[in-house]
Amino acid sequence: MRVKNIQPVYFSPTHTSAKIVTAIAEGTDIIVNKEIDLTYPCADQKVISTDSLAIIGVPTYAGRVAPTALERLQKIKGDNTPAIIVVLYGNRDYEDALLELRDSVKQLGFVPVAGGAFIGEHSYSTEQFPTAAGRPDVSDIQIASEFGKNIIKLLNQYADIKELPALEVKGNFPYKENKPKTPATPITIDELCTQCQYCIEICPVETIELKEEIVSDPEICIKCCACVKECPNGARVFNTPFSEFLFKNFHERKEPELFYCTR
Ligand SMILES: Cc1cc2nc3c(=O)[nH]c(=O)nc-3n(C[C@H](O)[C@H](O)[C@H](O)COP(=O)(O)O)c2cc1C
Ligand code: SF4
Ligand code: SF4
């Protein structure tokens, strides 16, 4: 099977999914199209053609695909298009996220050919309680790039996508139950905030506003921590007991897990 070009697709508030998708794409050594970035609301429906290879990357939230990512993915359709599926998780566990992503992309018209669970700095990692800080690192990127290269070799062994065996990945169905959302959102330290409004620009669900000060709506916030990690002045803080819990229980380094469709 000849792949003409690579189509990166991701939802990635803190950029770890984007980094891995990009590294896999570069590893293939095939022309890479402009990425479809679902992190921000966009109206366009897109169909990715059969001769492309899509690389679809999303974060794990509570052992499942981040709900906003799943919602926005519905705009992207395949036409029996091969796809590499990727989940990022913060060194705790990805549970059923990769399986859920595999099943979801199939329904959208893609043929999953390989899958990877990679580790990204946890959204709730802090200086005091670091969890997977700095990941993906050089070793993760190297693994991602090799993964891309190997998938192209694998696809070249088949004349037609219909000959490919089904992709099996880790996870259980029914998927882990979604717990009801607990409303919460980062706070702004007014003394540090210059009201530059950058956080307003980058919030994936457009819930940050400048009133007297910078505020966000806990009912809408998805707790992605993009505003916390990207504020140039360290003025956004998300106080959650999870930071300490994760640091204490999930500090042992995990490594990427890769799945190929082979007999
Ligand atoms: C609401 C929420 C839930 C999360 N749940 C998990 C989880 O179940 N397991 C895990 O290891 N990491 C979890 N994470 C961490 C993210 O999966 C991880 O930081 C990922 O790299 C973020 O991807 P991004 O940089 O593309 O946004 C969670 C993060 C958030 C914001
Ligand atoms: S990015 Fe930081 S400094 Fe700028 S408005 Fe937002 S909180 Fe304030
Ligand atoms: S306000 Fe909430 S949803 Fe918006 S960037 Fe911050 S953490 Fe993410």
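Criteria and thresholds
Residues numbered from 1 in each chain as written. Chains lettered and ligands numbered in written order. Predicted model: local features only at pLDDT ≥ 70, side-chain atom pairs only at ≥ 80, totals over all residues. Heavy atoms only, no water. Helix = DSSP H or I, 4+ residues; strand = E, 2+ residues; numbered from the N terminus. Rg over C-alpha atoms; globule rule 2.2 N^0.38 Å. Contact = heavy atoms within 4.5 Å. Areas by Shrake-Rupley, 256 points an atom, 1.4 Å probe, with all protein chains shown as cover. Lys, Arg positive; Asp, Glu negative; His and termini not counted. Charge placed at Lys NZ, Arg CZ, Asp CG, Glu CD. Near = heavy atom within 4 Å. Nonpolar A, V, L, I, M, F, W, Y, C, P; charged D, E, K, R; others polar. Domains from an automatic or database assignment. Buried area = accessible area lost by both parts, 1.4 Å probe. Salt bridge = Lys/Arg side-chain N within 4 Å of Asp/Glu carboxyl O. Core = buried A, V, L, I, M, F, W, Y, C linked by side-chain atoms within 4.5 Å. Buried < 20%, exposed > 50% of the residue type's maximum accessible area, 1.4 Å probe, protein only. 1 Å grid on protein atoms, 1.4 Å probe; cavity = no way out; pocket = protein on both sides within 12 Å on 5 of 7 lines; lining within 4 Å. Points joined across faces, edges and corners; volume = space filled by probe spheres on them. Phe/Tyr/Trp six-rings, centres within 6.5 Å; stacked < 30°, edge-to-face > 60°.

### Here we look at the overall build of the chain
- When its secondary structure is counted, the chain shows seven helices and 13 strands.
- Here the chain has a C-alpha radius of gyration of 19 Å; the compact-globule value for 263 residues is 18 Å, and the two agree.
- Taking as baseline every contact in the chain between residues at least 6 positions apart, the subset at least 24 positions apart corresponds to 83%.
- When the accessible area of the chain is evaluated, it comes to approximately 13100 Å², of which 52% is carbon and sulfur surface.
- Measuring between centres, the 28 positive side-chain charges of the chain sit 5 Å from its 36 negative side-chain charges.

### Remarks on the site of ligand 2
- Neighbouring residues of ligand 2: 13 residues in total, closest Cys-193, Cys-196, Gln-197, Cys-199 and Cys-231.
- Residues that form the shell around ligand 2 fall into these classes: eight nonpolar, four polar and one charged.

### Things to note about the domain arrangement of the chain
- As assigned here, the chain comprises domain 1 (5-174 + 252-260) and domain 2 (187-239).
- Taking only C-alpha atoms, the centre of domain 1 and the centre of domain 2 are 27 Å apart.
- Taken residue by residue, the interface counts 15 residues in domain 1 and 14 residues in domain 2.
- With both sides pooled, the region where domain 1 packs onto domain 2 buries about 1000 Å², and carbon together with sulfur makes up 56% of that total.
- Among the residues domain 1 hides against domain 2, the three largest losses belong to Pro-13, Tyr-40 and Tyr-124. Together they make up 37% of the total.
- In this assembly, domain 1 and domain 2 are joined by one salt bridge.

### As for the site of ligand 3
- Inspection of the region around ligand 3 gives 16 residues, with Cys-203, Cys-221, Cys-224, Cys-225 and Cys-227 positioned closest.
- A class-by-class count of the residues in the shell around ligand 3 yields 11 nonpolar, three polar and two charged.

### Examining the nonpolar core
- Among the nonpolar cores identified, the biggest contains 71 residues, and Ile-24, Ile-56, Ile-84, Leu-101 and Phe-110 are the most heavily contacted of them.
- Top contributing element to this core by residue count: strand 7 (residues 81-89), with seven residues.
- Per-domain counts for this core show at least three residues from each of domain 1 (5-174 + 252-260) and domain 2 (187-239).
- Among residues more than four places away in sequence, those in contact with Leu-101 are Ile-56, Val-58, Val-65, Leu-73, Ile-85, Val-86 and Val-87.

### Comments concerning the pattern of salt bridges
- Under the defined criterion, the tally for this structure stands at 16 salt bridges.
- Residue Glu-95 is joined to Arg-92 by a salt bridge in which the shortest nitrogen-to-oxygen separation is 2.6 Å.
- Since its relative accessible area comes to 24%, Arg-92 is described here as partly exposed.
- Between Lys-170 and Glu-257 there is a salt bridge whose closest N-O contact spans 3.3 Å.

### Some details on the layout of surface pockets
- Here the largest pocket defines a volume of roughly 1200 Å³.
- Of all the secondary-structure elements, those providing two or more residues to the lining of the largest pocket are helix 1 (16-28), strand 4 (52-61), helix 2 (67-73), strand 7 and helix 7 (242-249).
- Its residues placed into classes, the lining of the largest pocket shows 18 nonpolar, 16 polar and eight charged.
- Summarising the domain contributions, the lining of the largest pocket has at least three residues from each of domain 1 (5-174 + 252-260) and domain 2 (187-239).
- There is about 410 Å³ of room inside the second largest pocket.
- Along the walls of the second largest pocket sit 22 residues, with Tyr-124, Ser-125, Thr-126, Glu-127 and Val-228 positioned nearest its centre.

### Concerning the packing of aromatic side chains
- Following the criterion strictly, the structure yields nine aromatic pairs and no others.
- Ring centres of Phe-173 and Tyr-175 lie 4.9 Å apart, and the angle between their planes is 85°; this geometry places the pair in the edge-to-face category.
- Ring pairing ties together the aromatic residues Tyr-124, Phe-238, Phe-242, Phe-245 and Phe-250, which thus form one cluster.

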